[in-house]
Amino acid sequence: MAAAESSPLTTHVLNTGEGIPAVKMALSLHRLDPNLLIWNLLTVGTTNDDGRCPGLIGRDAFTCGMYKLRFETRPYWESRGQTSFYPYVE
């Protein structure tokens, strides 16, 4: 069996306050349309048990441009019984 192709874009989210990976944090990947100057949603995901979100984008779809990741921090902290100063981080 061939190994799965790795994504050219990766992320690793850590909960540094507790020294653990940020498990089950929702995130989304966007690319800026250079003509309209608007962010287009490409994909959504959730971090795994290691705080990573593999397979965000394939090599063919990862073209030159400006990208951003949006991390949904409020739901993550609320799921841990804590409050969040920022509802999301980009």
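Just above sits the structure.
Conventions used here
- Residues numbered from 1 in each chain as written.
- Predicted model: local features only at pLDDT ≥ 70, side-chain atom pairs only at ≥ 80, totals over all residues.
- Heavy atoms only, no water.
- Helix = DSSP H or I, 4+ residues; strand = E, 2+ residues; numbered from the N terminus.
- Buried < 20%, exposed > 50% of the residue type's maximum accessible area, 1.4 Å probe, protein only.
- Pairing = 2+ DSSP bridges.
- Axes fitted to C-alpha atoms, helices over the stretch in contact; angles between N-to-C directions.

### Here we look at the environment of Thr63
Its place among the elements puts Thr63 in the loop between strand 4 (38–46) and strand 5 (67–71). Classification of Thr63 as partly exposed rests on a relative accessible area of 40%. Put simply, Thr63 and Thr83 are 20 residues apart on the chain and 37 Å apart in space, counted from C-alpha to C-alpha.

### Thoughts on the sheet that holds strand 4
Judged by pairing direction, the sheet is antiparallel, and its three strands sit side by side in the order 4-3-5 without closing on themselves. The open sheet terminates on both sides in strands that have one partner only, identified here as strand 4 and strand 5. For this sheet, the mean angle separating the axes of adjacent strands, direction not counted, is 25°. Bridge count between strand 3 (residues 26–33) and strand 4: eight bridges; the pairing is antiparallel. Paired with Asp33 across the strands is Ile38, a residue of strand 4.

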